[in-house]
Amino acid sequence: MKALTGLDKLKIRQSFAAASGSYDGVADLQRRVALALLSRMQDDDATDTVLDVGCGTGFLTRHLLSRLDCQTLVALDIAMPMLHRTRLNTGGGGAVCICADAEKMPLHGASVDKIVSNLALQWCQALPAVFADFHHALKMDGRLIFSTFGPLTLQELKFAWASVDDYSHVNEFYSRTQITRFLEDAGFQNVSTESVTYQSRYPSVMALMRELKGIGAHNVTLGRNRNLTTRSQLQQMMAAYPRDCPEDIIASYEIIFVSAAKT
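Residues numbered from 1 in each chain as written. Predicted model: local features only at pLDDT ≥ 70, side-chain atom pairs only at ≥ 80, totals over all residues. Heavy atoms only, no water.

- Looking up the chain in an unreviewed UniProt entry gives the name Malonyl-[acyl-carrier protein] O-methyltransferase, with the organism given as Methylomarinum roseum.
- Looking at the chain in UniProt, the text filed under Pathway (unreviewed entry) is "Cofactor biosynthesis; biotin biosynthesis." (UniProt positions renumbered as here; feature names shortened; annotations may be inferred.)

Dropping the structure here:
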């Protein structure tokens, strides 16, 4: 299967750390998807430990605390400033905050009942290894429930940049087929996936790019152009951006909802 273009993990950590202060003001899509993810979760009996991977500023964490009857909720994120926001947004208590990379989780085997993640696992390059770690960390009959971006995300922006040069300007994402195969290879059973397209309107391409910067979603591929984008390149890209009306532009986001079990 095709692998993703290499990801710069240092750049990812720096981008989300820098965006911790602006994230909540622009993360409408992330909140919408988090609520949709919660609506797909079954009401389970009391559990010991729940892990929120890539908790960001704690929107999903706060809802999990109010919804789930668990002894311990662990909020994990790669950026310490994001965890500071999680503590503030959850009232400073209720969740155990851990600063760590999802690809290097400091967890013991069979120590977690449920792993939940909202729009975070797309920042993991070695997703098969991540799923293997999740399977190892989950107790028997544990569940993994997450959302992630699919390959059709920001297809309009990809199209526009393709008219400028051959560099990778937009992050790449795994498909439903790839994700399912990775999960099954890791030992998960009862894998269920659903793809939903969300569309957001913006007054301009620059407004879209400002929002992406505000949530820390920079281009973090190793194949990105390391030189500064010139004004003429930016204008060429904006002129090529697809429009269905002159007043604003649409950006599409393919969201893949996933549920899997360790049995």
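**Here we look at the packing of helix 6 (residues 127-137) against helix 8 (residues 176-185)**
- Running from amino to carboxyl end, helix 6 crosses helix 8 at an angle of 45°, the nearest separation of the two axes being 8 Å. By the angle between their axes, helix 6 is oblique relative to helix 8. In this structure, helix 6 crosses over helix 8, and the sense of that crossing is right-handed. Contact residues: Leu 127, Pro 128 and Phe 131 in helix 6; Ile 179, Phe 182 and Leu 183 in helix 8.
- Taken together, the residues of the contact of helix 6 with helix 8 break down into 6 nonpolar, no polar and no charged. (Axes fitted to C-alpha atoms, helices over the stretch in contact; angles between N-to-C directions. Helix = DSSP H or I, 4+ residues; strand = E, 2+ residues; numbered from the N terminus. Parallel < 35°, antiparallel > 145°, perpendicular 65-115°, else oblique. Left-handed = near helix turned anticlockwise from the far one by under 90°. Contact = heavy atoms within 4.5 Å. Nonpolar A, V, L, I, M, F, W, Y, C, P; charged D, E, K, R; others polar.)

**Things to note about the pattern of salt bridges**
- Under the criterion given, the structure shown has 6 salt bridges.
- Across the salt bridge formed by Glu 194 and Arg 40, the nearest N and O atoms sit 3.1 Å from each other. A residue pair is termed long-range when its members are at least 10 positions apart, and Glu 194 in strand 6 (residues 189-202) and Arg 40 in the loop between helix 3 (28-39) and strand 1 (47-53) qualify at 154 residues.
- Relative accessible area serves as the criterion here: at 35%, Arg 40 is assigned to the partly exposed category.
- Between Lys 139 and Asp 48 there is a salt bridge, and its shortest N-O distance comes to 3.2 Å. In this pair, Lys 139 is assigned in strand 5 (residues 138-149) and Asp 48 in strand 1, connecting sequence segments 91 residues apart.
- Exposure remark for Lys 139: the relative accessible area of 21% places this residue in the partly exposed category.
- Given a relative accessible area of 34%, Asp 48 falls into the partly exposed group.
- Salt bridges sharing common partners tie together Asp 48, Asp 113 and Lys 139. (Salt bridge = Lys/Arg side-chain N within 4 Å of Asp/Glu carboxyl O. Buried < 20%, exposed > 50% of the residue type's maximum accessible area, 1.4 Å probe, protein only.)

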